[in-house]
Amino acid sequence: MTNFKRGLALALTLTALIFSGCNKQKEESATAAAAPVTNLDEIVIGAVFPMTGPIATYGQESVNGINLALKSLNETGVKGKKIRIVVQDNKGEPVESANAVRKLIEVDKVQAIIGSVASSNTLAGAPIAQQSGVPLMTPASTNETVTQTGDYISRSCFTDAFQGVVMAKFAYETLGKKKAVIIIDNSSDYSRGLASVFRAKFTEMGGQVVSNDNDTTYTQKDTDFRSLLQKVKRADPDVIFLPGYYTEVGLMIKQARSMGMNMPFLGGDGWDSPKLQELAGEAINGNYISSHFSSEDSDPRVQQFVSEYEKAYGQKPGAMAALGYDGILVMADAIMRANSFSHADIRDAINSTKNYIGITGNITIDENRNAKKSAVVLETTVSGMKFKQKVNP
Ligand code: PHE
């Protein structure tokens, strides 16, 4: 090789090195802009929850559960660092949820996000987390499509494909009901999805659904359901499936009973709120829901959680308290196992969660980033939710 050629080769190698060095620096600073990967002072996790508005108990219970978990977790920390949550109130609204996710990523530079609860809210925020490459794990959104947003989106709860089947079987087999009406909250992806799973299973077993999904609907914030209920009453069902959220459910059941409709109403986890009994009064007796957790579970770990929660907040924990508690612990466990604090490493660690023993069940995140877990059927009564059965997936 001539000196010239040698010089050229060296120059090319150097240029290549410099360029690859530049690229590398660019990549690193792109990640660094979103979140520092090393030398963290603390681990910052964004928490998107409805703290106000018609589904506010979901957010309040979640944050209570998360704070209870963090109290003991932060005594030792995760990899020697404390976890700090930044709570962002989405008011139960999709647009607010999207804004909250963006703010947590861009302003607070969070390592990961936990939230939200109502599936339509999580569905609105998830695409932003996915595009930004920031892991988002919902502890509670059960609509099938939530985790289909992409590989950064996961959940630590079961899905409606499971809970809808649990309630269809409970209606048909346990209660022996044959003729159902389904009432749908048209503003909720959760309600529409769960309704269609129930319909498919109930009819497959031999039951009859005598309502049309476009006909027996309402929307969130409605307060007078009497003309809808009149229509339902005329169809003369022996059971009503109502996959809604507690505020409208509480009012609707009260109105139904006052109209002489005494058949059982069945619902899903959306009924699980300390406010339900308050809204419906005596009318809440004799109805049933599927949910994630029962405070009557005799498992000593559950009972310890129940007593710690009651001591801290003066109230028995509902499903959302337990899901928030488990959710943050699953996330902390993942961060502990992750190769670094980078978003991609935290995502990989969350998605490979196996056999995490939570108080809402045994959590394994499957290849679709959903958790396969047991459900419980609860009877709603004025004095609280009574445990009926546990159903394994
Ligand atoms: N599963 C509900 C949804 O996806 C949210 C919810 C979970 C509400 C648990 C209460 C308790 O919309």
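From a predicted model like this one, the values you see are computed outputs, not experimental measurements. (Residues numbered from 1 in each chain as written. Predicted model: local features only at pLDDT ≥ 70, side-chain atom pairs only at ≥ 80, totals over all residues. Heavy atoms only, no water.)

Engineer: Just to check I follow, could you spell out the packing of aromatic side chains for this structure?
Structural biologist: Each aromatic ring pair is described using two quantities: the centre-to-centre distance and the angle formed by the ring planes. Counted according to the given criterion, the structure contains 13 aromatic pairs. Plain terms: the ring middles of phenylalanine 198 and phenylalanine 202 are 5.3 Å apart, the flat faces sit at 15° to each other, and that makes the pair stacked. Residue phenylalanine 198 and its partner phenylalanine 202 are located together in helix 6 (residues 189-204), separated by four residues, close to a single helical turn. Both residues of the pair, phenylalanine 198 and phenylalanine 202, belong to the buried class. Members of the aromatic cluster, connected to one another through ring pairs, are Phe293, Phe305, Tyr309, Tyr313 and Tyr325. (Phe/Tyr/Trp six-rings, centres within 6.5 Å; stacked < 30°, edge-to-face > 60°. Helix = DSSP H or I, 4+ residues; strand = E, 2+ residues; numbered from the N terminus. Buried < 20%, exposed > 50% of the residue type's maximum accessible area, 1.4 Å probe, protein only.)

Engineer: Which parts of the structure should I look at to understand the sheet that holds strand 1 (residues 43-49)?
Structural biologist: Paired through their backbone hydrogen bonds, the strands of a sheet run either parallel or antiparallel. An order of 2-1-3-4-5 is seen for the five strands of this open sheet, with the pairing classed as parallel. Single-partner strands in this sheet number two, and they are strand 2 (83-89) and strand 5 (153-155). Between one strand and the next, the sheet's axes are offset by a mean angle of 25°, whatever the strand orientation. Sheet topology places strand 4 (residues 136-138) next to strand 5; three bridges connect them, and they run parallel. By the bridge assignment for strand 5, leucine 136 is matched with isoleucine 153. (Pairing = 2+ DSSP bridges. Axes fitted to C-alpha atoms, helices over the stretch in contact; angles between N-to-C directions.)

Engineer: How do you make sense of the packing of helix 2 (residues 56-76) against helix 10 (residues 300-313) when you look at a structure like this?
Structural biologist: The relative placement of two packed helices is expressed as an angle between their axes plus a distance between the axes. In contact at an axis separation of 11 Å, helix 2 and helix 10 are set at 110° when each is read in the N-to-C sense. If you check the angle between helix 2 and helix 10, you find them roughly perpendicular. Only Phe305, Glu308, Tyr309, Ala312 and Tyr313 of helix 10 make contact with helix 2, whose side of the interface consists of Glu61, Asn64, Gly65, Asn67 and Leu68. Classifying every residue of the contact of helix 2 with helix 10 gives five nonpolar, three polar and two charged. (Parallel < 35°, antiparallel > 145°, perpendicular 65-115°, else oblique. Contact = heavy atoms within 4.5 Å. Nonpolar A, V, L, I, M, F, W, Y, C, P; charged D, E, K, R; others polar.)

Engineer: What exactly am I supposed to notice about unusual backbone geometry here?
Structural biologist: With the exception of glycine, most residues fall at negative phi, and the peptide bonds are largely trans. Omega for the bond connecting glycine 115 with serine 116 falls within 30 degrees of zero, at -10°, which places this linkage in the cis form. Tracing the chain through its elements places serine 116 in the loop between strand 3 (112-115) and helix 4 (119-132). At lysine 109, a position not held by glycine, the phi torsion is positive, near 50°. Examined against the element boundaries, lysine 109 turns out to sit in the loop between helix 3 (94-106) and strand 3. Assessed through its relative accessible area of 34%, lysine 109 is described here as partly exposed. With a phi close to 80°, lysine 221 is a non-glycine residue in the positive phi region. Relative to the assigned elements, lysine 221 resides in the loop between strand 9 (217-218) and helix 7 (226-235).

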